[in-house]
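These are the residues of each chain, in order.
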Amino acid sequence: MKKALGETALGFQHVLAMYAGAVLVPLIVGEALGLTPEQLTYLVAIDILLCGVATILQIVSNRFFGIGLPVVLGCTFTAVGPMIAIGGQYGISAIYGAILVSGVFVVLISGFFGSLVRFFPPVVTGTVVTIIGITLIPVAINNMGGGQGASDFGSLANIGLSFGTLLFIVIMYRFSTGFLRAISILLGLIVGTVAAAFLGKVDVSPIADASYFHMVEPFYFGMPTFEWPAILTMILVAMVSLVESTGVYFALGDITKKKLKEKDLAKGYRAEGLAIVLGGIFNSFPYTAFSQNVGLIQMSGVKSRKIILITGIMLITLGFVPKIAAVTTIIPPSVLGGAMIAMFGMVIAQGIKMLSTIITDSQENSMIIACSVGIGLGVTVVPELFVQLPSSVQILTSNGIVAGSVTAIVLNILFNMLPSKKRQRASAPVVKESAINQG
């Protein structure tokens, strides 16, 4: 009994560590798309449930899918900006059409993704992550003011709540360690919402209206639609997520002393692809390995897959209870905005961290980063730049993240993969002057 309670406590600790990251994605996307409280509650609930399903797909290893490591999956922040952009341009049905196709794409390429990784070195993935993080900041700033179109936008109450939440998160991150630091975002959201309640800015009616149990419903937001720019965007997001997950796989392989083979990686990628397909069917999100839970495993020293299985079961159970999901939907936009600055800033920091190891390697890498980030941010700010181009070309230019990503991939091929005279000279055998004179 004591052992079971201990294992349950460890599993719940993993739930807490990933919970803020898991629920922030549906809250941010749902608010940006103007969903009703009922729809937002469903989105949070189904997301939590599928986080559990995706996690179990990875840890229950078989011949076809599952890497068999204690990995926790959650919705990727890399997809937030693209999903908001797709929803704003083509509608919510196009988001799920793109997620569905990208999941199938991942399943199909899982067997040979290892050979495609060379097209996504740190200079490309770091640039893409940085662009995505930068394009998300305006969403956070709008929320800090109270939400776009709010009657009290920029009021002292909203500014105070947003910066108060951010300050609390920063203080927690500075003065706490271990598990408390890991859940600093979650604690910031709780404290900020409590403070907002004292100011009369919290509406608890969504909790009262939510049911205690619901069944999942395929295509809750309607049948998916398929738009090529949206599909290409989500495929790029999926590829970047796979590269990030590969790093998590190897980190966990090192922790658990398991030597990963190519077939293990393929099963891991296939499990992620299946999770993304389920996200498209049940109107949730793309999923990726969560690095915060790797830190928790390192900290606790507990490497058992059984603990992560308990975590997955807990997430599935929570997902069937809309009452619990509705609690997260009462967080005021200003409080959410304060936490989003920290979360999205961490996305940018992660991109910069990936780039920091290679930006000084060569001037070519600096040029790749400069042009890609410039194009990505520029198209995001001025999307009408390419409206005169043919629609077939606009597939690559209508979205800043796609434009920046494609620029990074093409320039990396040009500078780092195609043979150049300079490289050929550098690799040519050195012929001594005495040998020439003798000849």
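None of these values were measured; they are calculated from a predicted model.

**A look at the overall build of the protein**
A count of helical and extended segments in the protein gives 21 helices and two strands. Since a compact globule built from 439 residues should have a radius of gyration of about 22 Å, the 23 Å found for the protein is in line with a globular shape. Buried residues in the protein amount to 50% of all 439 residues. Accessible surface for the protein amounts to roughly 19,800 Å². Of this, 68% is attributable to carbon and sulfur atoms. The centroid of the 24 positive side-chain charges in the protein is displaced by 16 Å from the centroid of its 18 negative side-chain charges.

**A short note on the nonpolar core**
Counting 120 residues, the largest nonpolar core has Ile28, Phe77, Met83 and Ile185 as its most contacted members. If you tally residues by element for this core, the top one is helix 11 (residues 228–255), at 15 residues. When neighbours within four sequence positions are excluded, Ile28 is seen to be in contact with Phe77, Val80, Ile84, Val139, Met340 and Phe344.

**Details of the packing of aromatic side chains**
According to the stated counting rule, one finds seven aromatic pairs in the structure shown. Measuring from centroid to centroid gives 6.3 Å for Tyr42 and Phe221, while their planes differ by 75 degrees, and the two rings are edge-to-face. Highlighted residues: Tyr42 in helix 2 (residues 37–59) and Phe221 in the loop between helix 10 (205–209) and helix 11, separated in sequence by 179 residues. In textbook terms, an aromatic cluster arises when at least three aromatic residues are bridged by ring pairs, as seen for Tyr42, Tyr96, Tyr220 and Phe221. Above the plane of the ring of Tyr173 lies Arg181, whose end atom (NZ or CZ) is 4.4 Å from the centre. Directly above the ring of Tyr212 sits Lys323, whose terminal nitrogen or CZ lies 4.7 Å from the centroid.

**Some details on helix 11**
Working note: α-helix, 3.6 residues per turn, so residues spaced by three or four point in the same direction. Relative to the 40 Å expected for 28 residues at 1.5 Å per residue, helix 11 spans 40 Å between its end C-alpha atoms, a close match to the ideal helical length. Residue Lys257 follows helix 11 closely and has a positive phi angle near 60 degrees.

**A look at the pattern of salt bridges**
Applying the stated criterion across every chain, the model contains one salt bridge. A salt bridge links Asp152 to Lys201; the nearest nitrogen and oxygen atoms lie 2.9 Å apart. Of this pair, Asp152 sits in the loop between helix 6 (122–144) and helix 7 (156–175) while Lys201 sits in the loop between helix 9 (184–198) and helix 10, placing them 49 residues apart in sequence. A relative accessible area of 28% places Asp152 in the partly exposed class.

**Description of the packing of helix 7 against helix 9**
The contact between helix 7 and helix 9 brings their axes to 9 Å, and the two run at 145 degrees. Here helix 7 runs over helix 9; the crossing is right-handed. Where helix 7 approaches helix 9, its residues Leu161, Thr165, Phe168, Ile169, Met172 and Tyr173 are matched on the opposing element by Ser184, Ile185, Leu187, Gly188, Val191, Gly192, Ala195 and Ala196. Considering only residue class, the contact of helix 7 with helix 9 consists of ten nonpolar, four polar and no charged.

**Quick notes on a nonpolar patch on the surface**
A contiguous nonpolar patch, built from Leu377, Val381, Val382 and Leu385 and spanning about 340 Å² of accessible area, is present on the exposed surface. Looking at the secondary structure, you find Leu377 in helix 17 (residues 363–381).

**Some details on the environment of Ile99**
Tracing the chain through its elements places Ile99 in helix 4 (residues 92–109). On the basis of relative accessible area, Ile99 is assigned to the buried category, the value being 0%. Taking the C-alpha atoms as reference, Ile99 lies 30 Å from Ile297; in sequence the two are 198 residues apart. Excluding its chain neighbours within four sequence positions, the residues that come into contact with Ile99 are Met83, Met234, Ile276, Gly279, Gly280, Ser284, Phe285 and Pro286.

**Things to note about the side chain of Thr135**
Within the secondary structure, Thr135 sits in helix 6. Since its relative accessible area comes to 15%, Thr135 is described here as buried. What Thr135 contacts, discounting residues up to four positions off in sequence, is Thr380 and Ile401.

**Description of the packing of helix 11 against helix 19 (residues 400–417)**
Here helix 11 crosses helix 19 at 55 degrees, and the two axes come no closer than 10 Å. Considering their axes alone, helix 11 and helix 19 lie oblique with respect to each other. Two packed elements cross with a definite hand, and for helix 11 against helix 19 that hand is left-handed. Residue-level inspection shows Leu232, Thr233 and Leu236 of helix 11 in contact with helix 19, the latter providing Val402, Ser405, Val406 and Ile409. Of the residues in the contact of helix 11 with helix 19, the class split is five nonpolar, two polar and no charged.

**Points about the confidence of the model for the protein**
Looking at the protein, the pLDDT average stands at 84 and 92% of residues meet or exceed 70. By mean pLDDT, helix 21 (residues 433–438) is the weakest element of the protein at 40, and helix 4 is the strongest at 95. Within the model, the stretch residues 430–439 combines pLDDT values under 50 with one contact to residues more than four positions away or in other chains.

**Remarks on unusual backbone geometry**
Of note in this structure, Phe219 is not a glycine but carries a positive phi near 50 degrees. Examined against the element boundaries, Phe219 turns out to sit in the loop between helix 10 and helix 11. The phi dihedral of Asn283 falls on the positive side, at around 60 degrees, and the residue is not glycine. By secondary structure assignment, the location of Asn283 is in the loop between helix 12 (262–281) and strand 2 (287–289).

**Considerations on the environment of Thr193**
Mapped onto the fold, Thr193 is located in helix 9. Separated by 189 residues in the primary sequence, Thr193 and Ala4 place their C-alpha atoms 33 Å from one another. Apart from the residues within four sequence positions on either side, Thr193 is in contact with Val202, Ile330, Ile331, Pro332 and Val335.

Each value, and the rule that gives it
- Residues numbered from 1 in each chain as written.
- Predicted model: local features only at pLDDT ≥ 70, side-chain atom pairs only at ≥ 80, totals over all residues.
- Heavy atoms only, no water.
- Helix = DSSP H or I, 4+ residues; strand = E, 2+ residues; numbered from the N terminus.
- Rg over C-alpha atoms; globule rule 2.2 N^0.38 Å.
- Buried < 20%, exposed > 50% of the residue type's maximum accessible area, 1.4 Å probe, protein only.
- Areas by Shrake-Rupley, 256 points an atom, 1.4 Å probe, with all protein chains shown as cover.
- Lys, Arg positive; Asp, Glu negative; His and termini not counted.
- Charge placed at Lys NZ, Arg CZ, Asp CG, Glu CD.
- Core = buried A, V, L, I, M, F, W, Y, C linked by side-chain atoms within 4.5 Å.
- Contact = heavy atoms within 4.5 Å.
- Phe/Tyr/Trp six-rings, centres within 6.5 Å; stacked < 30°, edge-to-face > 60°.
- Lys NZ or Arg CZ within 6 Å of the ring centre and 35° of its normal.
- Expected span 1.5 Å × (residues − 1).
- Salt bridge = Lys/Arg side-chain N within 4 Å of Asp/Glu carboxyl O.
- Axes fitted to C-alpha atoms, helices over the stretch in contact; angles between N-to-C directions.
- Left-handed = near helix turned anticlockwise from the far one by under 90°.
- Nonpolar A, V, L, I, M, F, W, Y, C, P; charged D, E, K, R; others polar.
- Patch = residues over 30% accessible without salt bridge, like charges linked within 9 Å, V, L, I, M, F, W, Y side chains within 5 Å.
- Parallel < 35°, antiparallel > 145°, perpendicular 65-115°, else oblique.
- pLDDT = per-residue confidence, 0-100.

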